[in-house]
Amino acid sequence: MRLDKFVMRSTRLTKQQVTTCIESGEVTVNQQVITDVRYQVHENNLINYLGEQLIPRAFRYLMFNKPANTICSNVDGDYPSILNQINIEDKQELHIAGRLDADTTGLVLITDDGRWSFNIMRPEQNCEKTYRVTLSKPLANDVVKRFEKGVLLSGEAKPTLPAKLKKIRVEQAFVPDPSQNQQDGYKTQMPQQVLLTITEGRYHQVKRMFFSVGNRVNALHREQIGQLKLDIPLGHWRYLTQCEVNSFIN
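Residues numbered from 1 in each chain as written. Predicted model: local features only at pLDDT ≥ 70, side-chain atom pairs only at ≥ 80, totals over all residues. Heavy atoms only, no water.

What holds strands together in a sheet is hydrogen bonding between their backbones, with the strands either parallel or antiparallel. Overall, antiparallel pairing links the four strands, which are arranged E2-E1-E3-E4 in an open sheet. With partners counted over all chains shown, the strands left at the sheet margins are strand E2 (32-33) and strand E4 (52-53), one partner each. When strand E1 (residues 27-29) meets strand E3 (residues 47-49), the two strands line up antiparallel, connected through three bridges. Considered in E3, the bridge of Val27 is made with Tyr49. (Pairing = 2+ DSSP bridges. Helix = DSSP H or I, 4+ residues; strand = E, 2+ residues; numbered from the N terminus.)

Looking now at the side chain of Thr197. Assignment of secondary structure puts Thr197 in strand E12 (residues 192-198). Of the polar contacts made by the side chain of Thr197, one reaches the side chain of Thr130; its length is 2.9 Å. Ignoring any residue separated from it by four or fewer positions in sequence, one finds Thr197 in contact with Glu128, Lys129, Thr130, Ala163 and Lys164. (Polar contact = N/O pair within 3.5 Å; in protein donor to acceptor, adjacent residues only side chain to side chain. Contact = heavy atoms within 4.5 Å.)

This part covers the nonpolar core. Residues Ile110, Val133, Phe147, Leu196 and Phe210 are the most contacted members of the largest nonpolar core, which totals 31 residues. Elements with a minimum of two residues in this core: strand E5 (61-66), strand E7 (105-111), strand E8 (129-135), helix H4 (143-149), E12, helix H5 (205-212) and strand E13 (217-225). Excluding residues that lie within four positions of it along the chain, Val133 makes contacts with Gln192, Gln193, Val194, Leu196, Val206, Phe210, Val217, Ala219 and Leu220. Counting 15 residues, the second largest nonpolar core, distinct from the first, contains Leu109, Leu228, Ile232 and Val245. (Core = buried A, V, L, I, M, F, W, Y, C linked by side-chain atoms within 4.5 Å. Buried < 20%, exposed > 50% of the residue type's maximum accessible area, 1.4 Å probe, protein only.)

This next bit is on H5. Within H5 the residues assigned to the buried category are Gln205, Val206, Met209 and Phe210. An end-on view of H5 places all buried positions within 125° of arc, on one side of the element. (Arc of directions from axis to C-beta.)

Next comes the structure, spelled out in structure tokens:
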């Protein structure tokens, strides 16, 4: 962790105050004065500010069930930030471990532990993310095998990593049929839903994957990351248990 971030996590100083105190020589690391705010410190370092040892606040780990028309950002944009719906102190220290598009719903993990979120977001960590995908039309027969091998997305030089795709049954829906009279003018339509599991997080990846095989995503919902399944209502959040936190630590 950078020295300035460590001091901020251990005090109530502002970012500018932390920068000033470090550059003024008021912070020592292992009894040596360090004036570089970017200096990397570790858990076993002895870090003092004005002669007093600094102890950082404990990291926090949250699950959030993201509604549509919100953004995974620390500040509002075209839509409100999901952090608006989380009422805890020092929210500015939190970040999202794997963002979702504004129109995508479901499981989001939020933390102030950068090392922990690294294990979730980096493809080489092989952390699986599972999405429930509603498609505009039935799935072609060869798509499961194509996704297993990887598909080349528009504008990309390398195909996607192997992905798992599973069809799921959904209840039938009744939609108006213009070819019938008003009394019995309904036909049965079976929406096409699938579960897609990937280990990457490329830009709009899920939508682009289905577009590459001639389909379109109508709705997208993330329901699982690693071993962790979404278990709270839409728009709600909770802290992770220690066992859940440890499941993402290699």
